[in-house]
Amino acid sequence: MTTAPFDHLILGASLATLDGADYGAIRDGAIAWRDGLIAYVGPRAELPGEPSSIARVVERVEGWITPGLVDCHTHAVFAGDRAVEFEMRLQGATYEQVARAGGGILSTVRAVREASEEVLYAQSKPRIDALRADGVTTLEIKSGYGLDFENERKMLRVARRFGDESLTVRTTYLAAHALPPEYAGRADDYIDAAIDWLPKLHAEGLVDAVDAFCEGIGFSPAQTRRLFERARALGLPVKLHADQLSDLEGGAIVAEFGGLSADHVEHTNDAAVRAMAQAGTVAVLLPGAFHVLRETKLPPIDAFRAHGVPMAIATDCNPGTSPLLSLRQAMQLACTHFRLTPEDALRGATVHAARALGLADRGVLRVGLRADLALWRVNHPAELCYWLGGDMLDTRWVAGRPH
Ligand code: NIG
Ligand code: FE
């Protein structure tokens, strides 16, 4: 008996492979996979073998298939909401003023500390479901609203629970997000504590990467470096909330550690952009936060392009600065606010986002990579960045299985 070369084949759809220029587009294409990995991608006319030897054939004539979307920066696990703070900011208060008055991140910390693991899971689930429903197949989730050992652990455990055969979840340890009230005036002591918790949580298999909020209202470059040194000693990759509200050389600090990504990066300077290029660090653009905070300082898009720094796009889904539940919407905002092309935005939410998570096995439709796909009801891939809202996803496949 001969073995079928594929266990699943889709015929006739258009493919935005992102492998090559112009979306790597293939019209009237065929894509097939076996054991969860892509085994053929190309024109239907060049498909080898007889479709009859294939276990499952799906004929499609409409729609576009892209790599499954990768949301590489979220704070999607949290309790409560901050709608009141949104109203305060609309009346003129700044994000920093709200934070310094004990609101902001610390108000979500109070809600997370009060919530049981079950409540935290239940409150977070609709957000994860919304991101999935708009095409996300790989999702990063940060801690950072616990700010003590047990509550950071609770957040990471909940985040891990969202990962299954229908969604890859990568967790990031962000204890250095804000100074909890019990450490007021003792930021260095708090960083010592956060450094101390890290190996314990890592030993429980709860940490894939380490992040910090390096900012006037967050932690200093020196404190960030101390935490990163511990991460490096444990073999954990780093990423950073860098240069969001001011230039603290965040991009350069990540580059110094050979880190995966510098995120936000509105205020990143030219020398830091060059350092990021050298280190292979991805710039993660978060247009949702830019939009909600009504920021005006644009990230240095031209410099990233000129120096060949890959730009990823993420939702930054969080209760304060980016209550954004659609990565496609983040792509739309990246085009309107940052003037990315729709093609760049799609690369930003797939291949570059995968790289920002250190994942080389996805983000492009190519033989040998994971069959993580999204089929969209659109006539052209630019439509993914064009509509505001709407329901465009037909099917998502994760490692070759429809979900
Ligand atoms: O990425 N800048 C810090 N962290 C988040 C906001 C978190 C919050 O306000 O709850 C961000 O924008
Ligand atoms: Fe963030």
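Residues numbered from 1 in each chain as written. Chains lettered and ligands numbered in written order. Predicted model: local features only at pLDDT ≥ 70, side-chain atom pairs only at ≥ 80, totals over all residues. Heavy atoms only, no water.

Trainee: Just checking my understanding: could you explain the side chain of Thr74 for this structure?
Mentor: The topology assignment puts Thr74 in the loop between β8 (69–71) and α1 (83–90). There is a polar contact of 3.3 Å between the side chain of Thr74 and the backbone nitrogen of Ala76. If we ignore the near neighbours within four places in the chain, the residues touching Thr74 are Leu139, Glu140, Ile141, Lys142, Thr315, Asp316 and Cys317. (Helix = DSSP H or I, 4+ residues; strand = E, 2+ residues; numbered from the N terminus. Polar contact = N/O pair within 3.5 Å; in protein donor to acceptor, adjacent residues only side chain to side chain. Contact = heavy atoms within 4.5 Å.)

Trainee: Would you mind going over unusual backbone geometry with me for this structure?
Mentor: What is expected of a backbone is that most residues other than glycine have negative phi and most peptide bonds are trans. Positive phi outside glycine occurs at Tyr23, with the angle close to 65 degrees. Positive phi, normally seen in glycine, also occurs at Glu249, with a value near 65 degrees. Tracing the backbone through its elements, the reader meets Glu249 in the loop between β12 (239–242) and α8 (250–256). The exposure class assigned to Glu249 is partly exposed, which follows from its relative accessible area of 37%. (Buried < 20%, exposed > 50% of the residue type's maximum accessible area, 1.4 Å probe, protein only.)

Trainee: Would you mind showing me how to read the environment of Leu147 here?
Mentor: Along the chain, Leu147 turns up in the loop between β9 (136–142) and α5 (149–161). For Leu147, the contacting residues outside a window of four places in its chain are Leu106, Val109, Arg113, Glu152, Ala175, His177, Ala178, Pro180, Glu182, Tyr190 and Trp197.

Trainee: Please explain the domain arrangement of the protein as it appears in this structure.
Mentor: Often, the extent of an interface is quoted as the loss of accessible area on bringing the components together. Domain boundaries in the protein define domain 1 (8–67 + 364–402) and domain 2 (69–356). Distance between the C-alpha centres of domain 1 and domain 2: 30 Å. With 30 residues of domain 1 at the interface, the matching set in domain 2 holds 24 residues. In terms of surface lost to domain 2, no three residues of domain 1 exceed Leu18, Cys385 and Arg396, which account for 31% of the buried area on that side. For the pair domain 1 and domain 2, the interface holds 1 salt bridge. Joining domain 1 to domain 2, the criterion identifies 12 residue pairs in polar contact (both at pLDDT 80 or more). The set of elements that each furnish at least two residues to the side of domain 1 that touches domain 2 consists of β7 (64–67), β16 (373–376) and β17 (393–398). Here the side of domain 1 that touches domain 2 gets 4 residues from one element, more than from any other, and that element is β17. (Domains from an automatic or database assignment. Buried area = accessible area lost by both parts, 1.4 Å probe. Salt bridge = Lys/Arg side-chain N within 4 Å of Asp/Glu carboxyl O.)

Trainee: How should the packing of helix α4 (residues 117–133) against α5 be read in this particular structure?
Mentor: Each pair of packed helices can be summarised by the angle the axes make with each other and by the distance between the axes. In the contact formed by α4 and α5, the axes pass within 10 Å of each other and the chain directions differ by 50 degrees. Of the possible angle classes, the one that applies to α4 and α5 is oblique. Considering how the two elements wind past one another, α4 and α5 form a crossing that is right-handed. Each of Glu117, Glu118, Leu120 and Tyr121 in α4 lies in contact with α5, whose residues at this interface are Lys154, Met155, Arg157, Val158 and Arg161. (Axes fitted to C-alpha atoms, helices over the stretch in contact; angles between N-to-C directions. Parallel < 35°, antiparallel > 145°, perpendicular 65-115°, else oblique. Left-handed = near helix turned anticlockwise from the far one by under 90°.)

Trainee: Just checking my understanding: could you explain the site of ligand 1 for this structure?
Mentor: Near ligand 1 you find 15 residues, and of these Arg82, Tyr95, Tyr145, Asp316 and Thr321 are the closest. In the environment of ligand 1, an oxygen atom lies 2.6 Å from a nitrogen or oxygen atom belonging to the side chain of Tyr145. Within the side chain of Thr321, one N or O atom sits 2.7 Å away from an oxygen atom of ligand 1. Considered on its own, ligand 1 offers 330 Å² of accessible surface; in the complex 100% of this is hidden by protein. Residues belonging to the shell around ligand 1 are distributed by class as follows: 4 nonpolar, 9 polar and 2 charged. (Near = heavy atom within 4 Å. Areas by Shrake-Rupley, 256 points an atom, 1.4 Å probe, with all protein chains shown as cover. Nonpolar A, V, L, I, M, F, W, Y, C, P; charged D, E, K, R; others polar.)

Trainee: It is not clear to me how the pattern of salt bridges should be interpreted in this structure. Could you clarify?
Mentor: Pairing between side chains of opposite charge can happen when their charged atoms approach one another. Under the counting rule described, the total for this entry stands at 31 salt bridges. Of the charged contacts in the structure, one is a salt bridge between Lys200 and Asp196, with a shortest N-O distance of 3.4 Å. Taken as a pair, Lys200 and Asp196 lie in helix α6 (residues 187–203) at a separation of 4 residues, close to a single helical turn. Residue Lys200 is classed as partly exposed on the basis of its relative accessible area of 41%. One network of salt bridges, in which partners are shared, links Glu117, Glu118, Arg157 and Arg161.

Trainee: How should helix α12 (residues 327–338) be read in this particular structure?
Mentor: Every α-helix winds through 3.6 residues per turn, so residues three or four apart in the chain are directed the same way. Taking 1.5 Å as the rise per residue, α12 with 12 residues should run 16 Å; its terminal C-alpha atoms sit 15 Å apart, in good agreement. Within α12, 10 of the 12 residues are buried, which leaves the element mostly enclosed by the surrounding structure. Buried residues of α12: Leu327, Arg328, Gln329, Ala330, Met331, Gln332, Leu333, Ala334, Cys335 and Phe338, and no others. Two to three positions downstream of the cap, the backbone nitrogen of Arg328 sits 3.3 Å from a side-chain oxygen, assigning the N-cap of α12 to Ser326. Once α12 ends, the next one or two residues include Arg339, with phi positive near 60 degrees. (Expected span 1.5 Å × (residues − 1).)

Trainee: Would you explain the sheet that holds strand β6 (residues 57–59) in this entry?
Mentor: Reading across from one edge, β5-β4-β1-β6 is the order of the 4 strands in this open sheet, with mixed pairing throughout. Of all the strands in the sheet, the pair left with one neighbour each is β5 (37–43) and β6. Ignoring which end each strand starts from, the neighbouring axes of this sheet average 10 degrees apart. (Pairing = 2+ DSSP bridges.)

Trainee: Mind showing me how you'd approach the pairing of β12 here?
Mentor: One face of the sheet, then the other: side chains in a regular strand alternate in exactly this way. Of the two faces of β12, the one lined by Lys239 and His241 and the one lined by Leu240 and Ala242 are each fully buried. One ladder, built from 2 bridges, connects strand β11 (residues 209–214) with β12; its direction is parallel. Counted as the bridge partner of Phe213 is His241 from β12. The parallel pair β11 and β12, bridged by helix α7 (residues 221–234), forms a crossover whose chirality is right-handed. Here β12 runs beside strand β13 (residues 261–264); their pairing, made up of 4 bridges, is parallel. Each residue of the ladder has a partner; that of Ala242, found in β13, is His264. (Right-handed = clockwise from strand over helix to strand, strands pointing away.)

Trainee: Help me understand the coordination of the iron ion (ligand 2), please; the structure alone is not making it clear to me.
Mentor: For a metal with four tetrahedral donors the ideal donor-metal-donor angle is 109.5 degrees, while six octahedral donors give ideal angles of 90 or 180 degrees. Here the iron ion (ligand 2) is held by His73 (NE2), His75 (NE2), His241 (NE2) and Asp316 (OD), and the distances to it run 2.1 to 2.4 Å. Spacing between the donor residues of the iron ion (ligand 2) along the chain follows H-x1-H-x165-H-x74-D. In this pair, His73 sits in the loop between β8 and α1 while Asp316 sits in the loop between β15 (311–313) and α12, placing the two residues 243 residues apart along the sequence. What makes Asp316 buried here is its relative accessible area of 2%. (Donors = N, O, S within 2.8 Å, 3.2 Å for Na, K, Ca; no water.)

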